[in-house]
Amino acid sequence: MDPALLKERELFKKRALITPTVEKKKTEPKPEPPREDKKKSKSSSSNSGPKLDITNYKTATGSSQYRFGVLAKIVKHMKQRHQDGESYPLTLEEILDETNQLDVGTKVKQWLQSEALNNNPKIEVTPDEKYLFKATYKLKDRKSLLKLLKQQDLKGLGGILLEDVQESLPHCEKALKILSNQNDLIFITRPIDRKKILFYNDRTAQMPIDEEFQKLWRSVAVDAMDDQKIEEYLDKQGIRSMQDHGPKKPTAIKRKKAGQRKKTYKKPRDNEHLADVLETYEDNTLTQKNSV
């Protein structure tokens, strides 16, 4: 080997021995705690939070869900007692007693008296600060229902929803059964939402119809046809009596185009009182020019 390289190698070894070196110790992994200890730690952390007391839950300020639950229970009870025929008003304490909610806090009571019951569309407040159920129609018995249906028929307002009648009329099922047996009512199911509509059966408007005409009427199905298709079919059959019926389509108003008019010079109207003087002046100027 080259002697120069050997010398450099020896010098490098000496330097390496002189310079101090620090070795990094390997960190040993800590042993994992057993599963039982983990469960204990989780349970201790969960138990460390604030506990919810059952007695303080109903008086808590943020329990809006509980408030509306109390209100819903009151409205349901007032509706049920109205349908049972109990028409006398109740105070708030009496309502809470009948709904088994006497343990309601003072804040909830104040909220019911000041906001909830006064602004509820299904609760009516009497002048002496008592409460009643506010139904859609004020009906007492089947006679008042029949009177309401007659008024709807005479004024052309149509029928009444059966669910509104059931809500408003006490002992509704019994009254409807008697009126239907007397043939005073007509029930029609609305095809949109399958709700039943109640109409007054006006017997004076009934007229006999030939059976052949009834068969022809029932044989024609127009459920899947709109007004335009019906009109086209009638036009093909030579029937034009339906042209003046139904909603008319608005026709667009045609605007006339403004024609180009020739501009005419208009004399000023300021010197109308000097018209005679101007005419004599023009005549004189013309005579002078002709003489020249």
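Computed from a predicted structure; not experimentally measured. (Residues numbered from 1 in each chain as written. Predicted model: local features only at pLDDT ≥ 70, side-chain atom pairs only at ≥ 80, totals over all residues. Heavy atoms only, no water.)

**Looking at the overall build of the protein**
The helix and strand inventory of the protein stands at twelve helices and five strands. Taking all 292 residues of the protein together, 18% fall into the buried category. For the protein, the share of sequence-separated contacts (at least 6 apart) that also reach a separation of at least 24 residues comes to 54%. Element-wise, carbon and sulfur atoms account for 53% of the exposed surface of the protein, whose accessible area totals about 26,200 Å². (Helix = DSSP H or I, 4+ residues; strand = E, 2+ residues; numbered from the N terminus. Buried < 20%, exposed > 50% of the residue type's maximum accessible area, 1.4 Å probe, protein only. Contact = heavy atoms within 4.5 Å. Areas by Shrake-Rupley, 256 points an atom, 1.4 Å probe, with all protein chains shown as cover.)

**Some words on unusual backbone geometry**
Although it is not a glycine, Glu-129 adopts a positive phi angle of roughly 60°. Mapping Glu-129 onto the fold places it in the loop between β1 (123-125) and β2 (131-133). A positive phi angle is found at His-171, which is not glycine, with a value near 55°. Note that His-171 resides in the loop between α8 (162-168) and α9 (172-181).

**Describing the pairing of strand β5 (residues 196-200)**
Two faces make up the sheet, and in a regular strand the side chains alternate between them. Examined bridge by bridge, strand β3 (residues 160-161) and β5 share two bridges and lie antiparallel to one another. Bridging from a neighbouring strand, Ile-160 pairs with Leu-198 of β5. Bridging between strand β4 (residues 185-189) and β5 involves five bridges; their strand directions are antiparallel. Residue Ile-188 lies in a different strand from β5, and its bridge partner there is Ile-197. Between the end of β4 and the start of β5, which pair antiparallel, lie six residues, with Arg-194 showing a positive phi angle near 60°. (Pairing = 2+ DSSP bridges.)

**A short note on the packing of aromatic side chains**
In this structure the tally under the stated criterion is two aromatic pairs. Note on Phe-68 and Trp-111: the rings are 5.3 Å apart at their centroids and 80° apart in plane angle, and the pair reads as edge-to-face. In this pair, Phe-68 sits in helix α4 (residues 64-83) while Trp-111 sits in helix α6 (residues 106-119), placing the two residues 43 residues apart along the sequence. In this structure Phe-68 comes out as exposed when scored by relative accessible area, which is 52%. The positively charged end of Arg-81 is found above the aromatic ring belonging to Tyr-88, 4.7 Å away from the centroid. (Phe/Tyr/Trp six-rings, centres within 6.5 Å; stacked < 30°, edge-to-face > 60°. Lys NZ or Arg CZ within 6 Å of the ring centre and 35° of its normal.)

**A look at the pattern of salt bridges**
Pairing between side chains of opposite charge can happen when their charged atoms approach one another. Using the criterion set out here, one finds six salt bridges in the structure. Among the salt bridges present, the one from Arg-81 reaches Glu-86, with a minimum N-O distance of 3.4 Å. With a relative accessible area of 33%, Glu-86 lands in the partly exposed category. A salt bridge links Asp-184 to Arg-203, with the shortest nitrogen-to-oxygen separation between them at 3.0 Å. Remark: Arg-203 occurs in the loop between β5 and α10 (211-219) and Asp-184 occurs in the loop between α9 and β4; sequence separation between them is 19 residues. When its relative accessible area of 10% is taken as the criterion, Asp-184 is described as buried. Residue classification places Arg-203 among the partly exposed residues on the basis of a relative accessible area of 45%. (Salt bridge = Lys/Arg side-chain N within 4 Å of Asp/Glu carboxyl O.)

**Considerations on α4**
Given a rise of 1.5 Å per residue, 20 residues ought to cover 28 Å, and the 29 Å separating the end C-alpha atoms of α4 matches this to within 8%. Residues of α4 that are buried: Tyr-66, Val-70, Leu-71, Ile-74, Val-75, Met-78, Arg-81 and His-82. Phi for Gly-85, located one or two positions after α4, is positive at around 95°. (Expected span 1.5 Å × (residues − 1).)

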